[in-house]
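Structure at a glance
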Amino acid sequence: MRELLEREIEGIINASGENIMMTDGRGVILRSVKNGQEVYGLASSELVGKSVQELEALHIFNPSVTLRVIEEKKPITVMQQTATGKTMMTRGVPLLDEHHNVIRVISFSHDMTEIQQLKEKYEAMQQKMMHYESEIEQLRDQHGLPHGVVIKSKAMQDVWTLIRKVAGSSATVVLQGESGVGKSIFARAIHHHSTRRDGPLIEVNCGAIPESLVESELFGYEPGAFTGAHSKGKVGLLELANKGTLFLDEIGELPLSIQVKLLKVLQEKTFVRVGGTKSRSVDFRLITASHRDLKEMVADGTFREDLYYRLHVVPLLIPPLRERPDDIVQLTHAFLAVFNERYHTNKHMHPLALQQLLHYAWPGNVRELENMIERLVVTVESEQIQQEHIPFLSNEQHVPATTLQEALADVERKWLIQARTQCQSTYEMARYLGMSQPTVIRRLQKYKIDSKMN
Ligand SMILES: Nc1ncnc2c1ncn2[C@@H]1O[C@H](COP(=O)(O)OP(=O)(O)OP(=O)(O)O)[C@@H](O)[C@H]1O
């Protein structure tokens, strides 16, 4: 009967996945089952009869859970290191007699080595990530990019290199590009990297000031200059920009009469307030921007040619977003991070949804993408933003091709972009597209798609 009971207990213990050890109330091992050798470096038969104090002192396992259970007379769990280098999670449970004395301690150990190693690896990876993040931040600082500004594409990296080059000089810069491509943020960046960075940056949207007020806003006026004028007169925006930078956005909207006056200030570095006679000197660096083609406006006679050449000392063309697929992907991730943080969400894009963004023409450029991601983060209920959540069809609003050749080029470009998002190398792209790798490179160059893979 006793033998049967013994076998039953042995059977139960062996059937459980744990290493089980039983001691008496003083910590002398009575029973030890399972991989003694593998876990502790001693066979189970060698463990029996030894005291846990002795084994702890020899670092066969450390700390001993049994000792603590005997002391505290309650179940305790500890993480143990063993002589074979394992990490065990061990739970000890006391068996008490009617006088509350410990008569047995049973401990169950579970091998956590793998989990511990994973945890350590994870922690090491986290450390590395933090290290890389700070390195990226440092590089960013060296690059001097304003926080949150993305320049992944080769085209934008070239723009940025040029911006860094011209920022230090006092050259007049004109930023051209469609609405929403980032002209304003780069104008601000030029100021912040210039020697005038401690001076003011005055931003003026020429299109937002009523024509009748442009002159007095820009040049200021003397007391009593016109009916309705402030009795003390007014300092103009040009004067406010003294020792700093004047950023005239939408310069194409400036009336011709004001264009003449602006040119005069640029040449003579002096001006006269409206209604005044006193000539005042002013020293500012001029940056202008326009989404309209100023050259065409010169041809139309709506923009003065002399001012055009005066402004075009350093022209900077910011390409539309549809020509920068690399930026679309990176900006999408960056905006998702911004809006996830703002709205306490954790949204991400399905790869097909992301691909759809690459096939859209983005007439409103980065501003449109930014607004769309915010809308998706706020309105999509699931964590993953799917293709059907994107409020346009891939081909519907694409810039239309006008000839067969253009249509074919458009298809080829789309295929290349798609292959690039799915492949790791140009060799893989070649297999994907069924063309040779040198052809892939040539086509990427033809369509100005970055051939550097992630
Ligand atoms: N490279 C970029 N990285 C991150 N955000 C960008 C980038 N380019 C533009 N943006 C964001 O897109 C929005 C529009 O940019 P910005 O106002 O500079 O464009 P713009 O070309 O001056 O437009 P407009 O011609 O209409 O004045 C802003 O919210 C800006 O922060």
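Going by the structure above, here's the rest.
Throughout, residues of each chain are indexed from 1 in the direction in which the sequence is written. Totals for whole chains, interfaces and linings use every residue, but because this is a predicted model, local features are given only for residues with pLDDT of at least 70 and side-chain atom pairs only at 80 or more, for both listing and counting. Computation of side-chain values covers all heavy atoms of the structure but excludes hydrogens and water.

Some words on the site of the ligand
- Contacts to the ligand come from 18 residues, most closely from V150, S179, K183, S184 and E370.
- At 2.9 Å, a backbone N or O of G180 approaches an oxygen atom of the ligand.
- The backbone of V181 places a nitrogen or oxygen atom 3.2 Å from an oxygen atom of the ligand.
- Throughout, the Shrake-Rupley method with a 1.4 Å probe supplies accessible areas, and for residues the shown protein chains are the sole cover considered. Relative to its free-state accessible area of 630 Å², the ligand is covered by the protein chains to the extent of 85%. A molecule or strand has a residue near it when one of that residue's heavy atoms lies within 4 Å. Polar contact is defined as a pair of N or O atoms within 3.5 Å, subject to the rule that within protein one atom must be able to donate a hydrogen and the other to accept it, and that residues adjacent in sequence are counted only when both atoms are side-chain atoms.

Quick look at the packing of helix α9 (residues 211–219) against helix α11 (residues 256–268)
- Axis separation between α9 and α11 bottoms out at 11 Å; the angle between their running directions is 15°. On the basis of the axis angle, α9 is roughly parallel to α11. Crossing handedness for the pair α9 and α11: left-handed. Of the residues in α11, those touching α9 at V214, E215, L218 and F219 are I258, K261, L262 and V265. The axes used here are C-alpha line fits, helices contributing only the stretch in contact, and every angle between their N-to-C directions lies in the interval 0 to 180 degrees. Helix and strand labels come from DSSP, where a helix needs a run of H or I of at least four residues and a strand needs a run of E of at least two; each type is numbered from the N terminus. Angles are sorted into four bins: roughly parallel if under 35 degrees, roughly antiparallel if over 145, roughly perpendicular if 65 to 115, and oblique for all others. When the near helix sits turned anticlockwise from the far one by under a right angle, the crossing is termed left-handed; a clockwise turn instead gives a right-handed crossing. When checking whether two residues touch, look at their non-hydrogen atoms; a contact exists if any pair is within 4.5 Å.

Observations concerning the packing of helix α17 (residues 404–422) against helix α18 (residues 426–433)
- For the pair α17 and α18, the least separation of the axes is 9 Å and the interaxial angle reads 125°. Judged by the angle between their axes, α17 and α18 are oblique. In the crossing of α17 with α18, the sense of the turn from one axis to the other is right-handed. Counted together, W415, L416, Q418, A419, R420 and Q422 of α17 and E428, M429, Y432 and L433 of α18 form the full contact between these two elements.

Some words on the side chain of S216
- Along the chain, S216 turns up in helix α9.
- Among the polar contacts listed, one links the side chain of S216 to the backbone oxygen of L213, at a separation of 3.2 Å.

Thoughts on the nonpolar core
- Membership of the largest hydrophobic core comes to 34 residues, with the highest contact counts inside it found for M349, L357, W362, L369, I373, I390 and M429.
- Mapped by element, the contributors of at least two residues to this core are α14 (325–343), α15 (351–358), α16 (365–379), α17, α18 and α19 (437–446).
- Tallying contributions element by element places α16 first for this core, with six residues.
- Two domains each donate at least three residues to this core, and these are domain 3 (322–393) and domain 4 (404–447).
- Core analysis: the second largest hydrophobic core is formed by 31 residues, V174, I202, L238 and F271 among them. The definition of a nonpolar core used throughout is a set of buried Ala, Val, Leu, Ile, Met, Phe, Trp, Tyr and Cys residues joined through side-chain atoms within 4.5 Å. Burial classification: accessible surface area is computed with a 1.4 Å probe over protein chains only, and a residue below 20% of its type maximum counts as buried, one above 50% as exposed, and the rest as partly exposed. For the domain bounds, the source is a domain assignment made automatically or taken from a database.

Let's talk about the pairing of strand β7 (residues 173–176)
- With burial as the criterion, each face of β7 is covered, one bearing V173 and L175 and the other bearing V174 and Q176.
- When DSSP finds two or more bridges between two strands, those strands count as paired. Here four bridges tie β7 to strand β14 (residues 285–290), and the two strands are oriented parallel to one another. Pairing of Q176 across the sheet is with S290, part of β14.

A short note on the packing of aromatic side chains
- Note on ring pairs: Phe, Tyr and Trp rings are taken, using the six-membered ring of Trp, and paired if centres are within 6.5 Å. Classes follow the plane angle, with under 30 degrees stacked, over 60 edge-to-face and the rest tilted. Inspection of the entire model under this criterion finds seven aromatic pairs.
- Judged by centre distance (6.3 Å) and plane angle (50°), the rings of F219 and F271 are tilted. Of the two residues, F219 is situated in helix α9 and F271 in strand β12 (residues 270–272); the sequence distance between them amounts to 52 residues. In terms of burial, F219 and F271 fall into one category: buried.
- Both rings, one in F335 and one in F339, keep their centres 6.5 Å apart while their planes meet at 40°; by these two values the pair is tilted. Taken together, the residues span about one helical turn, with F335 and F339 both in helix α14 at a distance of four residues.
- The buried category is assigned to F335, whose relative accessible area is 8%.
- Members of the aromatic cluster, connected to one another through ring pairs, are F335, F339 and Y343.

Here we look at unusual backbone geometry
- N62 connects to P63 through a cis peptide bond whose omega is -5°.
- Examined against the element boundaries, P63 turns out to sit in the loop between β3 (61–62) and α5 (65–72).
- Of note, the phi angle at H344 is positive, near 55°, even though the residue is not glycine.
- Along the chain, H344 turns up in the loop between α14 and β16 (348–349).
- Of note, the phi angle at W362 is positive, near 50°, even though the residue is not glycine.
- Position of W362 among the secondary structure elements: in the loop between α15 and α16.

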